[in-house]
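# Working through the structure, step by step
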Amino acid sequence: ALQQSITPKARNKKQRSWNHVQPQASYKVAVLGASGGIGQPLALLIKMSPLVSSLHLYDIANVKGVAADLSYCNTPAQVFDFTGASELANSLKGVDVVVIPAGVPRKPGMTRDDLFNINANIVKGLVEAVADNCPDAFIHIISNPVNSTVPIAAEVLKQKGVYDPKKLFGVTTLDVVRANTFVAQKKNLRLIDVDVPVIGGHAGITILPLLSKTRPSTTFTDEEVQELTVRIQNAGTEVVEAKAGAGSATLSMAYAAARFVESSLRALDGDADVYECSYVQSDLTELPFFASRVKLGRNGVEALISSDLRGLTEYEQKALEALKPELKASIEKGITYAQKQ
Ligand code: NAI
């Protein structure tokens, strides 16, 4: 099972209930950008979910083969393929969760913001179709720069009169997955136990792991905090450089996105104990969008978890203040782009 962000107590309860109740496969999930580097392994992981009845795969090219291949896995989800703009609307009809990894990835030397012009336009077009065809769906935005593409999506949904801020999510799960992995390695902890909230945004210094809030409670030296924080912030760039022009993180991203999909489906299914970090509309700070832990429920975000922001260390407090201008500028860039169209 994909590791979830839940308290140890909740985890025990969950494990007990998993032994007795088989979940019903009853949800429809669409992946837009399904034949890409993230899209393919993400589709595979979603195909493994016992909660999914239909998996809709949409891309502008190469999606037929991916769907045929996946359809042979003997798991409940039925796979359907949709190619090109003329089939986009049908790919979205009746869908509960839409995941968007469509767009171009970074190459060495690029920042996530360098992708803005191409991906902003792709996200805008896809979210317009979501607004027209499944306005009640949860929308998971993976396409970078997430700090700007989520505000763009919000504006598009507003223009269409269907914006529900509780159902629009920027996927920052990979930052949490990385933080958990690096902290577990450094502190010799059991991976399954470690949960580090990551707040702010999803680019460079806007990614702020709150190491002081690590569960189980763990102490770090100043040097460890500095080293881990920088490594978590730059892990995406580490992969871009290691792939040397062949793209950015795809496999760990697919894992992280699948975890976020599974959490969303469990919330839709009535599980009352689902918590994840995500970049959402927020009033936790003066910024209109902000990543934090959120409680997920049937209607999307049920609560923003404000307690993580209390009692920050001096290092975290400074880093939080330092990230705000960059995050604010990325949000405004997205809003301006969407309003000018
Ligand atoms: P990729 O280039 O391998 O795949 C992108 C796919 O999108 C391709 O199959 C392409 O045909 C498709 N596509 C392009 N325009 C489209 C449109 N209008 N409609 C539907 N599909 C369209 O790229 P990869 O590696 O899968 O990355 C995708 C995005 O995810 C990039 O923007 C990347 O920066 C972002 N990303 C986000 C992360 C996060 O933590 N949120 C982590 C890693 C990547």
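Residues numbered from 1 in each chain as written. Predicted model: local features only at pLDDT ≥ 70, side-chain atom pairs only at ≥ 80, totals over all residues. Heavy atoms only, no water.

### As for the packing of helix 2 (residues 39–47) against helix 9 (residues 251–268)
Rules: Axis lines are fitted to C-alpha atoms, over the contacting stretch for helices. Their N-to-C directions set the angle, which ranges from 0 to 180 degrees. Under the DSSP-based scheme used, a helix requires at least four consecutive residues in state H or I and a strand at least two consecutive residues in state E, with every element numbered from the N terminus. Rotating anticlockwise by less than a right angle from the far helix to the near helix defines a left-handed crossing, while the corresponding clockwise rotation defines a right-handed one. Residue contacts follow a heavy-atom distance rule, with two residues in contact if any of their heavy atoms lie within 4.5 Å. Polarity classes work like this: nonpolar for Ala, Val, Leu, Ile, Met, Phe, Trp, Tyr, Cys and Pro, charged for Asp, Glu, Lys and Arg, and polar for all others, with Gly in that last group.
The interhelical angle for the contact between helix 2 and helix 9, taken along N-to-C directions, is 35 degrees, at an axis separation of 8 Å. By crossing handedness, the relation of helix 2 to helix 9 is classed as right-handed. Of the residues in helix 9, those in contact with P41, L42, L45 and I46 of helix 2 are L251, A254, Y255, A257, A258 and V261. Among the residues forming the contact of helix 2 with helix 9, the class breakdown is 10 nonpolar, no polar and no charged.

### Regarding the packing of helix 5 (residues 116–133) against helix 10 (residues 314–340)
Threshold: Roughly parallel covers angles under 35 degrees, roughly antiparallel covers those over 145, roughly perpendicular covers 65 to 115, and oblique covers all other angles.
Running from N to C, helix 5 and helix 10 cross one another at 60 degrees; their axes reach a closest spacing of 11 Å. Our classification of the angle between helix 5 and helix 10 gives oblique. Helix 5 and helix 10 meet at a crossing whose hand is right-handed. The segment helix 5 lies against helix 10, with F116, A120, N121 and K124 engaging K333, G334 and Y337. Looking at the contact of helix 5 with helix 10 residue by residue, the classes come out as three nonpolar, two polar and two charged.

### With respect to helix 7 (residues 173–187)
Helical periodicity: at 3.6 residues per turn, an α-helix aligns residues three or four positions apart in one direction. The test is simple: Expected span of a helix, by definition, is 1.5 Å for each gap between consecutive residues, and there is one gap fewer than residues. Three exposure classes are used, based on accessible area relative to the maximum for each residue type with a 1.4 Å probe and protein chains only: buried under 20%, partly exposed in between, and exposed over 50%.
Taking 1.5 Å of rise per residue, 15 residues should cover 21 Å, and helix 7 covers 21 Å from first to last C-alpha, within 8% of that figure. Counted residue by residue, helix 7 has 11 buried out of 15 residues, so it is predominantly covered. Among all positions of helix 7, only T173, L174, D175, V176, V177, R178, A179, N180, F182, V183 and A184 are buried. In this fold, the buried residues of helix 7 make contact with strand 7 (198–200), strand 8 (207–209), helix 8 (222–243), helix 9 and strand 9 (274–281). Once helix 7 ends, the next one or two residues include N188, with phi positive near 55 degrees.

### Details of the confidence of the model for the chain
Defined as follows: The score called pLDDT rates the predictor's confidence residue by residue, from a low of 0 to a high of 100.
Taken residue by residue, the chain gives an average pLDDT of 94. The fraction at 70 or more is 93%. Scoring of the predicted complex yields 0.94 for pTM and 0.99 for ipTM.

### A look at the nonpolar core
Most often, soluble globular proteins keep nonpolar side chains buried together rather than apart. How we decide: Each nonpolar core is a collection of buried residues, namely Ala, Val, Leu, Ile, Met, Phe, Trp, Tyr and Cys, held together in the definition by side-chain atoms within 4.5 Å.
Ranked by size, the top nonpolar core spans 47 residues in total, and within it L32, L92, V98, I100, I141 and L168 carry the most contacts. When residues of this core are traced back to their parent elements, those giving at least two are strand 1 (27–32), helix 4 (88–92), strand 4 (97–100), helix 5, strand 5 (138–141), helix 6 (146–159), strand 10 (289–297) and helix 10. Ranked by the residues each element gives to this core, the list is headed by helix 5, at eight residues. Discounting residues that sit within four places of it in the chain, I100 has contacts with L32, L126, V127, I139, H140, I141, I142 and S143. One finds Y27, V29, L42 and V280 within the second-largest nonpolar core, a separate group that totals 42 residues.

### Describing the packing of aromatic side chains
Selection rule: The aromatic pairing rule takes the rings of Phe, Tyr and Trp, using the six-membered ring of Trp, and pairs them if the centres are within 6.5 Å, calling planes under 30 degrees apart stacked, those over 60 edge-to-face and the rest tilted.
Counted under the stated rule, the structure contains four aromatic pairs. Their ring planes at 45 degrees and their centres at 5.6 Å tell us that F138 and F169 sit as a pair that is tilted. Of the two residues, F138 is situated in strand 5 and F169 in strand 6 (residues 168–170); the sequence distance between them amounts to 31 residues. With a relative accessible area of 1%, F138 lands in the buried category. Seen in terms of ring centroids, Y279 and F289 are 6.1 Å apart; in terms of plane orientation they differ by 40 degrees. Their pairing is tilted. On the criterion of sequence distance, the pair formed by Y279 in strand 9 and F289 in strand 10 is long-range, its members being 10 residues apart. Assigned by exposure class, Y279 and F289 land together as buried.

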